[in-house]
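Each chain, written out:
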Amino acid sequence: LCTGLRQRQVRDLRVVDVHLPEATVVVQPMKRGRGRSLLVPPASIPWLTRYLTEARPQLVRAEGKDEGMFLVSFTGLPLDARTGAFLWATERPAK
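Student: What is the right way to look at the pattern of salt bridges in this model?
Tutor: Two side chains with opposite charge may pair up if their charged atoms get near one another. As enumerated under the stated definition, the model contains four salt bridges in all. Put simply, R50 and E54 hold a salt bridge, and the shortest N to O gap is 3.2 Å. Here the residue R50 and the residue E54 both occupy positions in helix α2 (residues 45–63), the gap between them amounting to four residues, near one helical turn. For R50, a relative accessible area of 45% puts it in the partly exposed group.

As structure tokens, then:
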């Protein structure tokens, strides 16, 4: 998704911040203390729903505890700066 979010904002997204029925994501304040709400593209809704209902529960179960973060690593833990940077580096289009 091209959302204009900073890596940290994506890493800090919680499950409760993602409102798929309304197609919105609430972004917590980071700079100048202002949060915002973003629209989720309609084509993304089925994929995000599948992630939330199928993939994420299996990843979190592998670790045994759920901290409520939207994105988790393959080990079920929330993304940190190192794992997040790896994901962003592998997802960038070639120039």
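Student: Sorry if this is basic, but what is going on with the nonpolar core here?
Tutor: Where a protein is soluble and globular, its nonpolar side chains tend to be buried together. Counting residues in each nonpolar core, the largest one holds 16 residues, and the members touching the most others are V25 and F70. Listing elements by their share of this core, those giving two or more residues are β2 (24–27) and α2. Residue contributions to this core peak at five residues, all from α2. Beyond its immediate chain neighbours, meaning those up to four positions away, F70 contacts L13, R14, V15, V18, L48, Y51, L52 and R56.

Student: Would you explain the sheet that holds strand β1 (residues 18–19) in this entry?
Tutor: Across a sheet, paired strands are connected by hydrogen bonds in the backbone, their directions being either parallel or antiparallel. Here three strands make up an open sheet; going across it, the order is β1-β2-β3 and the pairing antiparallel. Of all the strands in the sheet, just β1 and β3 (36–39) have a single pairing partner and so form its edges. Relative to β2, β1 is paired through two bridges, and the arrangement is antiparallel. Paired with H19 across the bridge in β2 is T24.

Student: For this particular structure, what's the right way to read a positive patch on the surface?
Tutor: Together, R6, R32, R34 and R36 make up a region of like positive charge exposed at the surface. For R34, the location among the structural elements is in the loop between β2 and β3. For R34, a relative accessible area of 57% corresponds to the exposed category.

Student: Any chance you could explain empty space enclosed by the protein here in plain terms?
Tutor: The rolling of a water-molecule-sized probe over the atoms marks out the regions of remaining empty space. Under the definition given, this model contains one cavity of 30 Å³ or more. Class assignment of the residues belonging to the lining of the largest cavity gives a composition of five nonpolar, two polar and four charged.

Calculation notes
Residues numbered from 1 in each chain as written. Predicted model: local features only at pLDDT ≥ 70, side-chain atom pairs only at ≥ 80, totals over all residues. Heavy atoms only, no water. Salt bridge = Lys/Arg side-chain N within 4 Å of Asp/Glu carboxyl O. Helix = DSSP H or I, 4+ residues; strand = E, 2+ residues; numbered from the N terminus. Buried < 20%, exposed > 50% of the residue type's maximum accessible area, 1.4 Å probe, protein only. Core = buried A, V, L, I, M, F, W, Y, C linked by side-chain atoms within 4.5 Å. Contact = heavy atoms within 4.5 Å. Pairing = 2+ DSSP bridges. Patch = residues over 30% accessible without salt bridge, like charges linked within 9 Å, V, L, I, M, F, W, Y side chains within 5 Å. Areas by Shrake-Rupley, 256 points an atom, 1.4 Å probe, with all protein chains shown as cover. Lys, Arg positive; Asp, Glu negative; His and termini not counted. Charge placed at Lys NZ, Arg CZ, Asp CG, Glu CD. 1 Å grid on protein atoms, 1.4 Å probe; cavity = no way out; pocket = protein on both sides within 12 Å on 5 of 7 lines; lining within 4 Å. Points joined across faces, edges and corners; volume = space filled by probe spheres on them. Nonpolar A, V, L, I, M, F, W, Y, C, P; charged D, E, K, R; others polar.

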